[in-house]
Amino acid sequence: MKKKKIVIHSNSSRAFTGFGKHTKNLLKYLYSLDKYEIVEFSNGLSWDDRITKTLPWKCRGSLPNDPERINQLNRDPNLGRAAGYGAEMVDEIIKQEKPDVYVGIEDIWGFSGYWNKQWWNKINCMIWTTLDSLPLLPDAITAAPKIKNYYVWANFAVKEMHRLGHKDVGLLRGSLDSKDFFKLKQSDRNALRQRHNINQDDFIIGFVFRNQLRKSVPNLIEGYKLFIEKNPNSKAKLLFHTSWAEGWDIPRLLKEKGLSNDYVLTTYYCKQCGEFEIKKFTKHKEDCKFCSTKDSQETSNVKHGVTEEQLNLVYNLMDVYCHPFTSGGQEIPIQEAKLTELITLNTNYSCGEDSCTEESGGFPLDWAEYREPGTQFIKASTLPESICTQIEKVFKMPQDERAMLGKRARKFVKENFSIEVIGKKFEKIIDAMPEVNWDYDFKKIPADPKYNPPNIESNEKWLIDIYKNILKRDVDDADDGHKYWMGEFSKGATREHVLNYFKKVAIDTNKQDKKIEFQDLLDKDDEGKRIAVVLPQAFKDVFAMTSILPSIKRLYPDYNIYFITQTDFFDVLDGNPFIHKMIPYNDQLDNLFTLEGRAENNGYFEVAYFPNIGTQKFVSYPHNCKDKIDFNLQCT
């Protein structure tokens, strides 16, 4: 029997990140089954990176091998970022490997536009993503009808998706290998402290984290200060397992609170000999006392960090684990700490709701709401008073009660997060997926302007039929274009009018799909007087952009505006008096530096404008503009 081939697309399984750890666990589990053909598609590595040759399964990197192409992408930081998530090579991995199943495991924006690709849903496609804030990211919601297998890592995201009507979104947590993390015998814990010069009666409050601004380091330091002021004889210290070279300026925060570095221990890892050491922070790089190499020790980071075995020892130095954060997809260190039978304290928001219940062996940290600028996401500011209260609760708790809660915590993780449990659930999902009958022919199917639909009673189903058979697109009633035309029907549009329009788009699309040089799409008599507006999707964004076109025209009255978008959205722009011409979008037109440049330098447009700058996907109008785009919207 032919094995199903699965492409697993995520952080490299060698990366010291949450996605990287989960990917490693999943791939090891699948490989041990000898049931599937596995291909790892690793973000951040080049296609033939040496790391790809060291794994037991097939692996390819998500970046092209060609250094010149990478340099070209990196000229636009946002294109470079998208390429790092796999946008540049994902079509190639599908073409070469011809998988039965594609599984994308990343933040949802890492897959933006994938559901419009030719291969999407022609093979079995699954998105397994982290959603960490309310209101949910709009892309995560609008993409839901197009993702047949949609899974998130935390209950709070499932509940919100279901509330919004997307009942098919399921819960599938990130995985942990419970064999990697466990509580040492007390004698071994004592010896471990002695090795790292930690007093046996010190009360160690641990936090394992990447030093990102969403990790609430200032709140924890303030809560810790309140605790030691109330309990001056506690001999309490913080243990920060993190990089001190990025994110929060921890020494400065300590100084602001009147605390010296003596109050905080941290992990130093030697990239030369692989040994680690817990000690007071002095600077990011230190000489290694084990191998005597100069500046080879660094505070733990995503490139150079401890093994899982060593990280288990770090947890075993702690008395309580405290994890305050603004929001998160799962926060895997919370579960790792539970496996070592530590009582965990974490913010009771986002994914944290799953890990601070009585059954989980954790205590909740209260928080105050604030809004993230721009996105207006609800974020949590963990209350230092709550941190102090919960640390004190554990500090004063009898040892037998601590031990009981610690065992409960480990049991909770094994039953809900272990790779044995998550792997079985993943297997069941994959095995239920149907056989793939697509021939992996990447030639675009031409539109069919000659198709005449049957007499279907409902307008909804009639629209779905002409989308499928004229434009060769599979849509449902949740599609924005479908909603638009249903709105037109409600205003009195006839089927004859809609059908004629679809046939016109089909004819125009087929013409554009023929090999035509880009410059042939531009008028010859407006050279040096052109503006490009590039907005590939989606329907609502393209429609909203029409309100800004009058402002652009007022600023550039003698320039022709070329609107570059997917042909699906031409109907929104048809007849707009401010648009000189519509041009079909393709991926190469994402690059500002391909489009923009003065006529004497062979540029196509004097100004190339990307309104999706709000999503941080593209660089937009860095030069050639007179001063700025006039956003003073006026009714016209």
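Nothing here was measured: the structure is a model prediction, and the numbers come from that model.

Draft legend 1. Broad picture of the pattern of salt bridges. Enumeration according to the criterion identifies 43 salt bridges in this entry. Its salt-bridge partner being Glu 392, residue Lys 230 comes within 3.1 Å of it at the nearest N-O pair. On the criterion of sequence distance, the pair formed by Lys 230 in helix H8 (residues 217-230) and Glu 392 in helix H12 (residues 384-395) is long-range, its members being 162 residues apart. Overall, the relative accessible area of 12% leaves Glu 392 in the buried class. Each member of the salt-bridge network shares a partner with another, and the members are Lys 5, Glu 37, Lys 58 and Glu 97.

Draft legend 2. Geometry of the sheet that holds strand E22 (residues 607-609). The parallel open sheet is built from four strands, whose spatial order is E21-E20-E19-E22. Only two strands of the sheet have a single partner each, and these edge strands are strand E21 (581-584) and E22. Across the sheet, the mean angle from the axis of one strand to that of its neighbour is 25°, orientation sign disregarded. Where strand E19 (residues 530-534) meets E22, three bridges bridge the pair, whose relative direction is parallel. Residue pairing in the sheet places Ile 531 in a bridge with Val 607 of E22.

Draft legend 3. Region of interest: the packing of helix H11 (residues 332-339) against helix H13 (residues 399-416). Where H11 meets H13, the closest approach of the two axes is 7 Å, and the angle between their N-to-C directions is 125°. Between H11 and H13, the crossing angle belongs to the class labelled oblique. As for how H11 packs across H13, the hand of that crossing is left-handed. Taking contact as the criterion, the partners of Gln 335, Lys 338 and Leu 339 in H11 are, on H13, Gly 406, Ala 409, Arg 410, Phe 412, Val 413 and Lys 414. Residues belonging to the contact of H11 with H13 are distributed by class as follows: four nonpolar, two polar and three charged.

Draft legend 4. Spotlight on the confidence of the model for the protein. Overall, the prediction assigns the protein a mean pLDDT of 90, with 93% of residues at 70 or greater. Between residues 614-636, whose pLDDT stays under 50, and residues either more than four places distant or in other chains, the model counts 62 contacts.

Draft legend 5. Quick look at the state of the cysteines. Per the stated rule, a full pass over the model turns up zero disulfides. Of all cysteine sulfurs in the structure, the one in Cys 59 sits closest to Cys 125, which takes part in no disulfide; the separation is 20 Å. Note on Cys 291: no disulfide assigned, nearest cysteine sulfur contributed by Cys 270 at a separation of 3.7 Å.

Draft legend 6. Focus on helix H16 (residues 480-490). When H16 is considered as a whole, its buried residues turn out to be Asp 480, Gly 481, His 482, Trp 485, Glu 488 and Phe 489. Directly beyond the C-terminal end of H16, a positive phi value near 110° is found at Gly 492.

How each quantity is defined
Numbering of residues starts from 1 in each chain and follows the order in which that chain's sequence is written. Where local features are concerned, this predicted model is filtered to residues with pLDDT of at least 70; where side-chain atom pairs are given and counted, the filter is 80 or more; whole-chain, interface and lining totals use all residues. Side-chain measures were taken over the full set of non-hydrogen atoms in the model, leaving aside hydrogen atoms and water. Each salt bridge in this description consists of a side-chain nitrogen of Lys or Arg and a carboxyl oxygen of Asp or Glu lying within 4 Å of one another. Per the convention used, a helix needs a DSSP run of H or I reaching at least four residues, while a strand needs a run of E reaching at least two, with both numbered from the N terminus. Categorising residues by exposure relies on relative accessible area from a 1.4 Å probe, with only protein chains included: less than 20% of the type maximum marks a residue as buried, more than 50% marks it as exposed, and the intermediate range marks it as partly exposed. By definition, two strands form a pair when at least two bridges between them are found by DSSP. Axes here mean lines fitted to C-alpha atoms, for a helix over just the part in contact, with angles spanning 0 to 180 degrees between N-to-C directions. Note that the term roughly parallel is reserved for angles under 35 degrees, roughly antiparallel for angles over 145, roughly perpendicular for angles of 65 to 115, and oblique for everything else. Note: crossing handedness is left-handed where the near helix turns anticlockwise from the far helix by less than a right angle, and right-handed where it turns clockwise. In what follows, a contact means two residues having at least one pair of non-hydrogen atoms within 4.5 Å. Residue classes follow a fixed rule: Ala, Val, Leu, Ile, Met, Phe, Trp, Tyr, Cys and Pro count as nonpolar, while Asp, Glu, Lys and Arg count as charged, and any other residue, Gly among them, counts as polar. What pLDDT conveys is the predictor's confidence in a given residue, as a value from 0 to 100. A pair of cysteine sulfur atoms is labelled a disulfide when the two atoms are within 2.5 Å.

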